[in-house]
2 protein chains.
Amino acid sequence: MMKNNLKVERAIKSITQQELAKIIGVTRQAINSIELNKFVPSTILALKLSEFFNKPVNEIFFLEETD
Amino acid sequence: MMKNNLKVERAIKSITQQELAKIIGVTRQAINSIELNKFVPSTILALKLSEFFNKPVNEIFFLEETD
DNA sequence: TCTAAAAGTAATGTATAGTTGTCATTGTGT
DNA sequence: ACACAATGACAACTATACATTACTTTTAGA
């Protein structure tokens, strides 16, 4: 299982899903679905988020134990 | 465009695509296709590779300019 | 409290990640 | 030169990321 703290990062920058989506180049639903762990983004998306939030991918996304 | 140095990392550990694939839990063709930039792996796969190679995702995968 | 923005959710469609299987090519040791 | 391991490549299939549209629910501010 993979988790992420996109919601937190977004709160730090106080930016909406909508705005983030536009910057990254995906839909608001895509951002929403990632935040809610409904799907696993591509590495390109992860790198773009990493770039935007100025944090390494590994600090935004991480694997959880128990498979 | 995204690039990666999986081939180099693999050479450092002197491990075959086959072996790496088995460890990560994908097929040899998947590893091969990623190395040859034929497709973009999921963030989970990137994190597993990051874990195995003991290097941050951003040091294995990176965005290239010119789109 | 009323309202509008923000976030959650769901259906359907499309693109593409990843599998399975198979064959061709390159490299390396003997 | 021969054999075999490692890699590249391709076709057909399945699973799922992500788009689009649209509707509901939650949250924050006047």
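Predicted model only: the values in this text are computed from it and were never measured. (Residues numbered from 1 in each chain as written. Chains lettered and ligands numbered in written order. Predicted model: local features only at pLDDT ≥ 70, side-chain atom pairs only at ≥ 80, totals over all residues. Heavy atoms only, no water.)

Trainee: What is the right way to read the environment of Ile60 of chain B from this model?
Mentor: Residue and element names in this part refer to chain B. Position of Ile60 among the secondary structure elements: in helix α5 (residues 57–60). Here the alpha-carbon distance between Ile60 and Lys7, two residues 53 residues apart in the chain, equals 9.8 Å. For Ile60, the residues in contact, after removing those within four places along its chain, are Lys3, Asn4, Asn5, Leu6, Leu49, Ser50, Phe53 and Lys55. (Helix = DSSP H or I, 4+ residues; strand = E, 2+ residues; numbered from the N terminus. Contact = heavy atoms within 4.5 Å.)

Trainee: Would you mind showing me how to read the relation of the copies chain A and chain B here?
Mentor: Copies of the same chain, two in number, are related to each other by a rotation about an axis and a translation along it. Superposing chain A onto chain B takes a rotation of 180° combined with a translation of 0.0 Å along the rotation axis, leaving an RMSD of 0.0 Å. What the superposition gives is, in effect, a two-fold axis relating one chain to the other. (Least-squares fit on C-alpha atoms with pLDDT ≥ 70 in both.)

Trainee: What is the right way to read the interface of chain A and chain B from this model?
Mentor: Note on interface size: it is often stated as the accessible area lost on association of the parts. Facing the 17 residues of chain A at the interface are 17 residues of chain B. Counting the surface lost from both chain A and chain B, the interface buries some 1400 Å², and carbon and sulfur atoms represent 72% of this. There are eight residue pairs in polar contact (both at pLDDT 80 or more) connecting chain A and chain B. At the level of secondary structure, the elements contributing two or more residues to the side of chain A that touches chain B comprise α4 (43–53), α5 (57–60) and β2 (61–63) of chain A. Ranked by residue count, the leading element in the side of chain A that touches chain B is α4 of chain A, at seven residues. When grouped by side-chain class, the residues that make up the side of chain A that touches chain B number 11 nonpolar, four polar and two charged. (Buried area = accessible area lost by both parts, 1.4 Å probe. Polar contact = N/O pair within 3.5 Å; in protein donor to acceptor, adjacent residues only side chain to side chain. Nonpolar A, V, L, I, M, F, W, Y, C, P; charged D, E, K, R; others polar.)

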